[in-house]
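Listed below, chain by chain, are the residues.
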Amino acid sequence: MAAGGGGVSEPPPPPERGITGSRKAMASGELGSEGGGGMPGRRDQQQKTSDGLLYRRFRAKINPGENQSAEDELRKEINKDMFKEMEIIGQFNLGFIIAKLNSDIFMIDQHATDEKYNFEMLQQHNVLQGQKPIVPQNLHLTAVSENVLMENIEIFRKNGFDFLIDEDAQVMERVKLVSLPTSKNWTFGPADIEELIFMLSDSPGVMCRPSRVRQMFASRACRKSVMIGTALSVSEMKKLLVHMGEIEHPWNCPHGRPTMRHLANLDIISQD
């Protein structure tokens with residue numbers, strides 16, 4: 001199976017023919033991409049010039065140097081509903097799902113895809129358990145920071161932090177820490193609270209996680225996800241694709257590994 005990209009060239013240049021890339025890129029997992037992104041609307045599955053020749057909608061190669069271009073194309077051309085419409089062709093090298101959508105062939109990294117789904121589920125739904133210190137700790141926050149914390153107290157609680165609030169106390173004395181999140185090899189403290197306050201100052205009321213909590217979730221998601229080298233049934237592969245349509249940022253795992261790349265367009269191949 002030939003690897004490579006496609007996309008729509010700008011008329012008036014002549015149509016490109018052929019598909020670039022190699023099986024070697026597939027086998028090595030050389031799919032590099034960074035960043036996430038939403039998935040806006042669908043474009044026509046085929047685009048033709050006046051002489052009937054097809055032009056590529058996906059042009060980026062499977063190459064780390066074209067990570068962002070590949071992701072931008074996917075974000076533009078693929079919406080959430082399309083994942084469940086994809087037809088499973090098979091599994092390649094016990095690590096990649098090969099799927100077809102109309103005339104386009106895609107390669108999906110089974111581990112990176114499952115990891116991103118598990119990560120986003122942890123981000124959205126996990127409530128961290130807290131542990132009480134021996135005595136409540138005074139945080140000596142500024143008046144502005146105290147207000148941000150008190151106005152977003154439920155978000156702090158979902159992150160495992162809890163506080164004793166005394167609104168009648170003096171400024172910088174109104175908030176005392178009474179619970180910290182705990183997890184095996186991870187410890188948290190005032191620096192994580194300050195990071196949350198900073199994030200919530202810009203986006204009040206929006207559920208967010210400190211960077212170290214995200215790192216912990218990424219580690220958990222990695223351990224519980226389908227591993228490279230695992231043989232999957234068609235139903236298991238289909239489930240991973242459906243999950244991609246249920247998350248906000250499906251294009252790479254929490255560690256930056258890309259989840260999906262376009263391989264070929266069968267209509268363009270048939271022209272050759």
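Everything quoted here is computed from the prediction, not taken from an experiment.

Focus: the overall build of the protein
Across its full length, the protein holds ten helices and nine strands. Per-residue burial for the protein yields a buried fraction of 47% across its 272 residues. Of the contacts made within the protein by residues no fewer than 6 positions apart, 74% connect residues no fewer than 24 positions apart. Within the structure as shown, the protein displays about 13,500 Å² of accessible surface, and the carbon and sulfur contribution to it stands at 52%.

Section: the nonpolar core
Where a protein is soluble and globular, its nonpolar side chains tend to be buried together. Leu 149, Phe 156, Phe 161, Phe 163 and Ile 193 are the most contacted members of the largest nonpolar core, which totals 27 residues. Elements represented by at least two residues in this core include exactly α4 (110-125), α5 (143-151), α6 (153-158), β7 (175-183), α7 (190-202) and α8 (211-224). A per-element tally of this core places α8 first, with five residues. Apart from the residues lying within four places of it in its own chain, the contact partners of Phe 163 are Leu 139, Leu 149, Ile 153, Phe 156, Val 175, Lys 176, Leu 177, Val 178 and Ile 193. Counting 19 residues, the second-largest nonpolar core is a separate cluster that includes Phe 58, Phe 83, Leu 241 and Met 260.

Regarding the sheet that holds strand β9 (residues 260-265)
Taken in spatial order, the four strands line up as β1-β2-β3-β9 in an open sheet, and their pairing is antiparallel. Across the chains shown, the open sheet's two edge strands, defined by having one partner strand only, are β1 (87-92) and β9. Shown here is a sheet whose adjacent strand axes are inclined to one another by a mean of 25°, direction ignored. α4 contacts β1, β2 (96-101) and β3 (104-109) of the sheet and is inclined by roughly 70° relative to β3.

Looking at the packing of α4 against helix α9 (residues 234-244)
It is at 9 Å that the axes of α4 and α9 come closest, and there the two elements cross at 50°. Between α4 and α9, the interaxial angle falls into the category oblique. Two packed elements cross with a definite hand, and for α4 against α9 that hand is left-handed. Within the contact between the two elements, α4 uses Gln 110, Thr 113, Asp 114 and Tyr 117 and α9 uses Leu 240, His 243 and Met 244.

Some details on unusual backbone geometry
Backbone geometry at Asn 93 places phi at a positive 55°, although glycine is not the residue there. Within the fold, Asn 93 resides in the loop between β1 and β2. Of the residues examined, Asn 93 reaches a relative accessible area of 48% and is grouped as partly exposed. A positive phi angle, near 55°, is found at Leu 94, a position not held by glycine. With respect to the helices and strands, Leu 94 occurs in the loop between β1 and β2.

Structural notes on the packing of aromatic side chains
Tallied over the entire structure, the rule returns three aromatic pairs. On the numbers, 5.6 Å between centres and 80° between planes, the contact of Phe 156 with Phe 163 is edge-to-face. For the residue pair Phe 156 and Phe 163, the accessibility class agrees, reading buried in each case.

As for the pairing of β7
The element β7 is extensively covered by neighbouring structure, given that seven of its nine residues are classed as buried. Relative to β7, strand β4 (residues 130-131) runs antiparallel, the two being bridged by two bridges. Residue Gly 130 lies in a different strand from β7, and its bridge partner there is Pro 181. The pairing of strand β5 (residues 137-138) with β7 spans two bridges and is classified as antiparallel. Across the sheet, the residue bridging to Asn 138 is Lys 176, located in β7. Inspection of the sheet shows strand β6 (residues 162-165) paired to β7 by four bridges, in the antiparallel sense. Bridging across to β7, Leu 164 finds its partner in Lys 176. The loop that links β7 with its antiparallel partner strand β8 (residues 186-187) comprises two residues.

Observations regarding the pattern of salt bridges
Scanning all chains against the criterion turns up eleven salt bridges. For Asp 81, the salt bridge goes to Lys 84, with nearest N and O atoms at 3.1 Å. With a gap of three residues between them, Asp 81 and Lys 84 both fall in helix α3 (residues 80-85), about one helical turn apart. Look at the salt bridges and you will find they share partners, linking Arg 57, Glu 77 and Asp 104 into a network.

Topic: the side chain of Asn 118
On the secondary structure map, Asn 118 appears in helix α4. A distance of 2.9 Å separates the side chain of Asn 118 from the side chain of Ser 225, its partner in a polar contact. Setting aside residues no more than four positions away along its own chain, Asn 118 makes contact with Ala 221, Lys 224 and Ser 225.

Analysis parameters
- Residues numbered from 1 in each chain as written.
- Predicted model: local features only at pLDDT ≥ 70, side-chain atom pairs only at ≥ 80, totals over all residues.
- Heavy atoms only, no water.
- Helix = DSSP H or I, 4+ residues; strand = E, 2+ residues; numbered from the N terminus.
- Buried < 20%, exposed > 50% of the residue type's maximum accessible area, 1.4 Å probe, protein only.
- Contact = heavy atoms within 4.5 Å.
- Areas by Shrake-Rupley, 256 points an atom, 1.4 Å probe, with all protein chains shown as cover.
- Core = buried A, V, L, I, M, F, W, Y, C linked by side-chain atoms within 4.5 Å.
- Pairing = 2+ DSSP bridges.
- Axes fitted to C-alpha atoms, helices over the stretch in contact; angles between N-to-C directions.
- Parallel < 35°, antiparallel > 145°, perpendicular 65-115°, else oblique.
- Left-handed = near helix turned anticlockwise from the far one by under 90°.
- Phe/Tyr/Trp six-rings, centres within 6.5 Å; stacked < 30°, edge-to-face > 60°.
- Salt bridge = Lys/Arg side-chain N within 4 Å of Asp/Glu carboxyl O.
- Polar contact = N/O pair within 3.5 Å; in protein donor to acceptor, adjacent residues only side chain to side chain.

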